[in-house]
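# A look at the structure
In case you want the letters, here they are:
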Amino acid sequence: MFNRILVANRGEIAQRIIRAATELGVETVAIYSEADADALYLRQASETICVGPAPSAQSYLNIPAIISAAEISDVDAIHPGYGFLAENAQFAEVCRSCKIQFIGPDPETISAVGDKVNAREMAIRANVPVVPGSDGPVADEDGARAVAARLGFPVIIKASAGGGGRGMRVAHNEPALISGFHAAKSEAEAAFGDGTVYIERFVEKPRHVEIQIIADKFGKVLSLGERDCSVQRRHQKLIEESPSPAISEGQREAMSAAAVRMAKASGYNSAGTVEFLLDPKGEFYFIEVNARIQVEHTVTELVTGIDLIQEMIRVAAGEPLRFEQSDIVTRGHAIECRINAEDPAKGFQPSPGLVESFVPPGGPGVRVDSHCFSGYRIPSNYDSMVGKLLVHRPTRQEAISTMRRALSEFVIEGPKTTIPLHLDILGHRDFRAGVHDTGFLERYFG
Ligand code: MV4
């Protein structure tokens, strides 16, 4: 096991990683920007190092500053958390060349799955169902017309270097196809320096269901079941739950097996997620691999009883997974609400600043992962999530009741938050019946 790791992140996930490492007897080095000098996670780390000014590009994304901090503090490994450098293959490569273990998949795997055209080809070879689409990249207008003629409209044009909804265009007819093709291409070129695009049939009213996997360095890959993340706005998830109310045990097993095949095909080790779209007929299609720990990993922790961050650290240190697929049993139902400092009444405009009062809920089945406290000042430089409220109860209906009770208890004074919106969503008949799709939030609360 490692003696000391550096946490290359901030906020609740920095705190989460510090907690996991501390329980393993591993020392932690926390990095921070000048905007985070008063952050809670700094008090929980063994050591702290400022890596730069507030803008992420100069601090949490500043590879030379972070590597210097790692060298000075003599850490064995770096945990990137989510966002920032978590899926940066070049950063993982620099860690390797400095003999610092990157706590995540190998740089080759990050690159292979980060190229969505390549990931699609890997999925097809691994017998993982994909959405019918182009055979590789689409080079020009004629190529786009030919693919659309074969698939039929609507289609979706996606950036190969994109993911998470960035650089996508939906087209319902040929003029939209041509303009969408050029728009997606130039957006991808500007955002990722790679204008490669591909086309898929557009699946209407899908649910977003993803499989959590964990893999060691000995080729063992296990599925930890699914999360349903169908409550989202502009590709930002608001609520995640497990199990999905939309799939049968048979679909769960088929999706898990497909995710494990995909992970094996990409040489995956560490924790990761294989995302699928589930269409209204119950067919599922691979869309992408997230080569990182995700915000919503906590939902899976509750239903499996497995500490995913600790397992991630263990497998990165070269330990074999200590359990088999048959040892993984899920229990009950977990729901997570992301609490953001945003004003839903003003287009989800960020609402940073002083948290005058912060009183988290408690009681049976409630977990709060938050870096906030009364008197904390939310910086305006980073994302607006101020915490995750989770519940774990025997059934979905009980979990919804507990979540409503916990949301009502939660006091956050100062910034506007998404708490009232969550209460409305949990009261909506479609959510309560578990029949909502990814368009639900914008349809009813947009
Ligand atoms: C799709 C899709 C429908 N058909 N692909 C969104 C995030 C990224 N991981 C992939 N996403 C989607 N891919 C096909 N072939 C629908 C989504 C999608 C979506 C698309 C447009 C507007 C809102 C959306 C919300 C969730 C998912």
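Residues numbered from 1 in each chain as written. Predicted model: local features only at pLDDT ≥ 70, side-chain atom pairs only at ≥ 80, totals over all residues. Heavy atoms only, no water.

## Some details on the sheet that holds strand 10 (residues 221-233)
Using the following cut-off: Here, any two strands with at least 2 DSSP bridges between them count as paired. Every helix listed is a DSSP run of H or I at least four residues long, and every strand listed is a run of E at least two residues long, numbered separately from the N terminus. Throughout, an axis means a line fitted to C-alpha atoms (over the contacting stretch in the case of helices), and angles, computed between N-to-C directions, take values from 0 to 180 degrees.
The strand order 13-12-9-10-11-14-21-19 describes an open sheet built from eight strands, whose pairing is antiparallel. Of all the strands in the sheet, the pair left with one neighbour each is strand 13 (284-290) and strand 19 (366-369). Neighbour to neighbour, the strand axes of the sheet diverge by 25° on average, direction disregarded. Pairing geometry for strand 9 (residues 207-215) and strand 12 (residues 270-278), over nine bridges, is antiparallel. Paired with I214 across the strands is A271, a residue of strand 12.

## A word on the site of the ligand
Counted only if it meets this: What makes a residue near a molecule or strand is one non-hydrogen atom of that residue sitting within 4 Å of it. Contacts described as polar in this section are N or O atom pairs within 3.5 Å, which, within protein, must combine one atom able to donate a hydrogen with one able to accept it, while residues neighboring in sequence count only if both atoms come from side chains. Per-residue and other accessible areas were derived by the Shrake-Rupley procedure at a 1.4 Å probe size, with only the shown protein chains allowed to occlude residues. Side-chain classes are defined by residue name, with Ala, Val, Leu, Ile, Met, Phe, Trp, Tyr, Cys and Pro counting as nonpolar, Asp, Glu, Lys and Arg as charged, and the others, Gly among them, as polar.
Taken together, 16 residues surround the ligand, and among them K158, E200, R201, V203 and E275 come closest. Between the ligand and the protein, one listed contact pairs a nitrogen atom with a backbone N or O atom of V203 at 2.8 Å. Here E288 contributes a side-chain N or O atom positioned 3.1 Å from a nitrogen atom of the ligand. When the free accessible area of the ligand is taken as 520 Å², the share hidden by the protein chains comes to 86%. Residue assignment for the shell around the ligand shows that the elements contributing at least two residues are strand 6 (155-163), strand 8 (197-201), strand 12 and strand 13. Residue classes in the shell around the ligand are distributed as seven nonpolar, four polar and five charged.

## Regarding the side chain of D279
The condition that has to hold: In this scheme, a residue with accessible area under 20% of its type's maximum is buried, one over 50% is exposed, and one in between is partly exposed, where area comes from a 1.4 Å probe on protein chains only. In summary, the charge assignment counts Lys and Arg as positive and Asp and Glu as negative, without counting His or the chain termini. For this analysis, a salt bridge means a side-chain nitrogen from Lys or Arg found within 4 Å of a carboxyl oxygen belonging to Asp or Glu.
Mapped onto the fold, D279 is located in the loop between strand 12 and strand 13. One buried charge, D279, has no salt-bridge partner; the nearest side chain with opposite charge is R201, at 5.2 Å. There is a polar contact of 2.9 Å between the side chain of D279 and the backbone nitrogen of K281. A polar side-chain atom of D279 sits 3.2 Å from a polar atom in the side chain of Y285.

## Description of the sheet that holds strand 1 (residues 4-7)
Our working rule: Should any heavy atoms of two residues lie within 4.5 Å, those residues are counted as being in contact.
The strand order across the open sheet built from five strands is 3-2-1-4-5, with neighbouring strands paired in parallel fashion. Only two strands of the sheet have a single partner each, and these edge strands are strand 3 (47-52) and strand 5 (101-102). Pairing between strand 4 (residues 77-79) and strand 5: two bridges, direction parallel. Looking at strand 5, one finds that I78 is bridged to F102. Of the strands in this sheet, strand 1, strand 2 (27-33), strand 3 and strand 4 touch helix 3 (residues 63-73), which is tilted by about 155° from strand 3.

## As for the pattern of salt bridges
Per the counting criterion, the structure on display carries 31 salt bridges. A salt bridge links R322 to E311, with the shortest nitrogen-to-oxygen separation between them at 2.5 Å. In this pair, R322 is assigned in the loop between helix 11 (308-316) and strand 14 (333-340) and E311 in helix 11, connecting sequence segments 11 residues apart. A relative accessible area of 5% places E311 in the buried class. Three or more residues joined by partner-sharing salt bridges are found here, namely E210, R227, K237, E240, E296 and R338.

## Brief notes about the packing of helix 1 (residues 11-23) against helix 11
Pairs of packed helices are described in terms of their axes, by the angle between the two and the distance that separates them. The test is simple: Handedness of a crossing follows from how the near helix is turned relative to the far one, being left-handed for an anticlockwise turn of less than a right angle and right-handed for a clockwise one.
Following both chains from N to C, one finds helix 1 and helix 11 inclined at 65°, their axes separated by 9 Å at the closest point. When you trace helix 1 past helix 11, the crossing you get is right-handed. Taken together, the residues of helix 11 that come into contact with helix 1 (itself represented by I13, R16, I17, A20, A21 and E23) are L308, I309, Q310 and I313. Of the residues that constitute the contact of helix 1 with helix 11, the class distribution is seven nonpolar, one polar and two charged.

## What to know about the environment of R314
Here R314 is to be found in helix 11. A relative accessible area of 15% places R314 in the buried class. A C-alpha to C-alpha distance of 25 Å links R314 and H392, two positions 78 residues apart in sequence. Ignoring sequence-local partners within four residues, the contact set of R314 consists of M1, L24, E319 and R322.

## Here we look at the packing of helix 5 (residues 107-114) against helix 6 (residues 116-125)
We apply this condition: Angles below 35 degrees are treated as roughly parallel, those above 145 as roughly antiparallel, those between 65 and 115 as roughly perpendicular, and all remaining angles as oblique.
Running from N to C, helix 5 and helix 6 point in directions that differ by 95°, and their axes come no closer than 5 Å. Comparing the axis directions of helix 5 and helix 6 gives the class roughly perpendicular. Residues A112, V113 and G114 of helix 5 form the contact with helix 6, whose participating residues are K116, N118, A119 and M122.

## Side note on unusual backbone geometry
Between F153 and the following residue, P154, the backbone shows a cis peptide bond with an omega angle of 0°. The residue after S242, namely P243, is reached through a cis peptide bond having omega -5°. Looking at where P243 falls in the secondary structure, it is placed in the loop between strand 11 (236-242) and helix 9 (249-265). Even without being a glycine, F84 presents a positive backbone phi close to 40°. Within the secondary structure layout, F84 lies in the loop between strand 4 and helix 4 (89-97). The backbone phi angle of R234 is positive, close to 45°, even though this residue is not glycine. Within the secondary structure, R234 sits in the loop between strand 10 and strand 11. Using a relative accessible area of 61% as the deciding quantity, one classes R234 as exposed.

## Some thoughts on helix 10 (residues 297-304)
With respect to burial, helix 10 is a largely interior element, eight of its eight residues being buried. Of the residues making up helix 10, those classed as buried are H297, T298, V299, T300, E301, L302, V303 and T304. Positive backbone phi, approximately 75°, marks G305, located one or two places after helix 10.

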